[in-house]
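Each chain, written out:
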Amino acid sequence: MKTKNQTPSPLPPTLPLQLLPPGSPFANSSNFSFNASSGHSQPPSAFRPPGPDDQGFPNNYNMTRRTSVSAESLTPTHHQDSNWKAPYHQKTEDQLSRLRASVSSNFLFSHLDDDSANLVLGALVEKPIPAKDIKVITQGDAGDYFYVVERGAFDIYVNPAGHVTPGPDGMGQKVNTIGPGGSFGELALMYNAPRAATVVSTEKESTLWSLDRVTFRRILMDSAFQRRRMYESFLEEVPLLSTLTLYERSKIADALDTQKFLLWGYHYPRR
Ligand SMILES: Nc1ncnc2c1ncn2[C@@H]1O[C@@H]2COP(=O)(O)O[C@H]2[C@H]1O
């Protein structure tokens, strides 16, 4: 088993950016909602066990919370629309070179073949974040976009309740900060589950690139995330790691690589 460097993530145009109240970055839980399905606050409901069509939820993932936000299959290869084409958003040379630099060290993109990488680059949309304390993702909401960070830093907050609660500490504890080259927002898209954390901008000017849910699932989940799920399944079996959260396990899975050793004349795969 060896580890590799890996990192963390943007928004569609025309979306309202709402600033959080000055001095109270956690007070408003419904900022930065960009479609009908993301700006809601739903009550928790029972966990839906994986069915035959599911890839399987990791252990301990949002077990007490509403999980499914769409009827879409969790298996990305079950595409109902065979005429689907990835959206293409024209970019300037400057945008392309910034984008390439941003994704160059990102684990998710390093495993894409050239065709898939070009489709994803074409589908990403630049999303300037013009202030700090903008809530890009709200814990408990439905997942709509996956984000790559080009510039700036984004704090991640997790409330153990599974959603933002009223009051000054409603976003919970800060657990992470994601900077340039990193990405976030993949968990809800991968598992059709509510957002696992709240993500807030920390700088005056930041730049994100957003990838829509369908393109994410059809392209990234067919490659990089298949690999992640394979390693996660393996990690779930390791007792020492069983208490990790899904996010922690997924980060370890991203960092794993497979090495093959020659043993007694056989190539023996070892993780
Ligand atoms: N410790 C963490 N726990 C949960 N989510 C995290 C954590 N750190 C970063 N994140 C990201 O925050 C995102 C919130 O939306 P998602 O649940 O879609 O995906 C989540 C992860 O990409």
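Residues numbered from 1 in each chain as written. Predicted model: local features only at pLDDT ≥ 70, side-chain atom pairs only at ≥ 80, totals over all residues. Heavy atoms only, no water.

In the nomenclature of an unreviewed UniProt entry, the protein is known as cAMP-dependent protein kinase regulatory subunit of Letharia columbiana. UniProt annotates the protein under Subunit (unreviewed entry) with the comment "Tetramer, composed of 2 regulatory (R) and 2 catalytic (C) subunits. In the presence of cAMP it dissociates into 2 active monomeric C subunits and an R dimer." According to the UniProt record, the Sequence similarities (unreviewed entry) comment for the protein is "Belongs to the cAMP-dependent kinase regulatory chain family." (UniProt positions renumbered as here; feature names shortened; annotations may be inferred.)

> It is not clear to me how the overall build of the protein should be interpreted in this structure. Could you clarify?
Regarding its fold elements, the protein presents seven helices and twelve strands. With an accessible surface of roughly 13200 Å², the protein has 55% of that area assigned to carbon and sulfur atoms. (Helix = DSSP H or I, 4+ residues; strand = E, 2+ residues; numbered from the N terminus. Areas by Shrake-Rupley, 256 points an atom, 1.4 Å probe, with all protein chains shown as cover.)

> It is not clear to me how the site of the ligand should be interpreted in this structure. Could you clarify?
The local shell around the ligand holds 16 residues, among which Gly185, Glu186, Ala188, Arg195 and Ala196 are the closest. A distance of 3.2 Å is found between a nitrogen atom of the ligand and a side-chain nitrogen or oxygen belonging to Asn176. Within the backbone of Leu187, a nitrogen or oxygen atom sits 3.4 Å from an oxygen atom of the ligand. For the ligand, whose free accessible area comes to 450 Å², the fraction covered by protein is 94%. Considered class by class, the residues forming the shell around the ligand number twelve nonpolar, two polar and two charged. (Near = heavy atom within 4 Å. Polar contact = N/O pair within 3.5 Å; in protein donor to acceptor, adjacent residues only side chain to side chain. Nonpolar A, V, L, I, M, F, W, Y, C, P; charged D, E, K, R; others polar.)

> Just checking my understanding: could you explain the pattern of salt bridges for this structure?
In a structure, side chains of opposite charge can pair up when their charged atoms sit close to one another. Scanning the model with the defined rule gives six salt bridges in all. With a shortest N-O distance of 3.1 Å, Glu126 and Arg98 are connected by a salt bridge. On the criterion of sequence distance, the pair formed by Glu126 in strand S2 (residues 125-129) and Arg98 in helix H1 (residues 93-103) is long-range, its members being 28 residues apart. Glu150 is the salt-bridge partner of Arg98, the closest N and O atoms lying 2.8 Å from each other. Of this pair, Arg98 sits in helix H1 while Glu150 sits in strand S4 (residues 145-151), and the two are 52 residues apart along the sequence. Classification of Glu150 as buried rests on a relative accessible area of 17%. (Salt bridge = Lys/Arg side-chain N within 4 Å of Asp/Glu carboxyl O. Buried < 20%, exposed > 50% of the residue type's maximum accessible area, 1.4 Å probe, protein only.)

> Before we go on, may I ask you to explain the packing of helix H3 (residues 114-123) against helix H5 (residues 213-220) in this structure?
Pairs of packed helices are described in terms of their axes, by the angle between the two and the distance that separates them. The contact between H3 and H5 brings their axes to 11 Å, and the two run at 170°. It follows that H3 is roughly antiparallel to H5 by the angle criterion. Seen from H3, the contacting residues are Ser116, Leu119, Val120 and Ala123; seen from H5, they are Thr215, Ile219 and Leu220. In the contact of H3 with H5, the residues fall into five nonpolar, two polar and no charged. (Axes fitted to C-alpha atoms, helices over the stretch in contact; angles between N-to-C directions. Parallel < 35°, antiparallel > 145°, perpendicular 65-115°, else oblique. Contact = heavy atoms within 4.5 Å.)

> What's the story with the pairing of strand S9 (residues 206-212) in this structure? I'm lost.
Among the seven residues that make up S9, seven are buried, leaving the element largely enclosed by the rest of the structure. The two faces of S9 match: Ser206, Leu208, Ser210 and Asp212 on one face and Thr207, Trp209 and Leu211 on the other face are all buried. Both S2 and S9 contribute to a ladder of five bridges, which runs antiparallel. Within S9, the position partnered with Glu126 by the bridge is Trp209. Examined bridge by bridge, S4 and S9 share six bridges and lie antiparallel to one another. From the neighbouring strand, Phe146 faces S9, where its bridge partner is Leu211. (Pairing = 2+ DSSP bridges.)

> What is the right way to look at the sheet that holds strand S6 (residues 173-178) in this model?
Read across the sheet, four strands follow the order S3-S8-S5-S6 without closing on themselves; strand pairing throughout is antiparallel. The sheet terminates laterally at strand S3 (135-137) and S6, the two strands that pair on one side only. Recorded for the sheet is a direction-independent mean angle of 30° between the axes of neighbouring strands. Sheet analysis places S3 next to strand S8 (residues 198-201), joined by two bridges and oriented antiparallel. By the bridge assignment, Lys135 is partnered in S8 with Val200.

> When you look at the sheet that holds S2 in this model, what are you seeing that I'm missing?
The strands that make up a sheet are held in pairs by hydrogen bonds between backbone atoms, and each pair lies either parallel or antiparallel. Strand order in the open sheet formed by four strands is S2-S9-S4-S7, and the pairing between neighbours is antiparallel. Of all strands in the sheet, those with a lone pairing partner are S2 and strand S7 (183-184), marking the two edges. In the packing of H1 onto the sheet, the strands contacted are S2, S4 and S9, and the crossing angle to S4 comes to about 100°. Here H5 sits on the sheet and contacts S4 and S9; the angle it forms with S9, its principal contact strand, is near 70°.

> What am I meant to see in H5 here?
Helical geometry: 3.6 residues make up each α-helical turn, so side chains three or four residues apart lie on a common side. Most of H5 is tucked away: seven of the eight residues are buried. Where H5 is concerned, the buried positions are Arg213, Thr215, Phe216, Arg217, Arg218, Ile219 and Leu220. The opening residue of H5 is Asp212, an N-cap whose side-chain oxygen sits 3.2 Å from the backbone nitrogen of Val214.

> Looking at this model, I keep getting lost on the nonpolar core. Mind explaining?
Phe109, Val120, Leu124, Phe146, Leu211 and Phe216 are the most contacted members of the largest nonpolar core, which has 26 residues in total. Mapped by element, the contributors of at least two residues to this core are H1, helix H2 (107-110), H3, S4, helix H4 (186-191), S9 and H5. Beyond its immediate chain neighbours, meaning those up to four positions away, Leu211 contacts Val120, Ala123, Leu124, Asp144, Tyr145, Phe146, Phe216 and Leu220. (Core = buried A, V, L, I, M, F, W, Y, C linked by side-chain atoms within 4.5 Å.)

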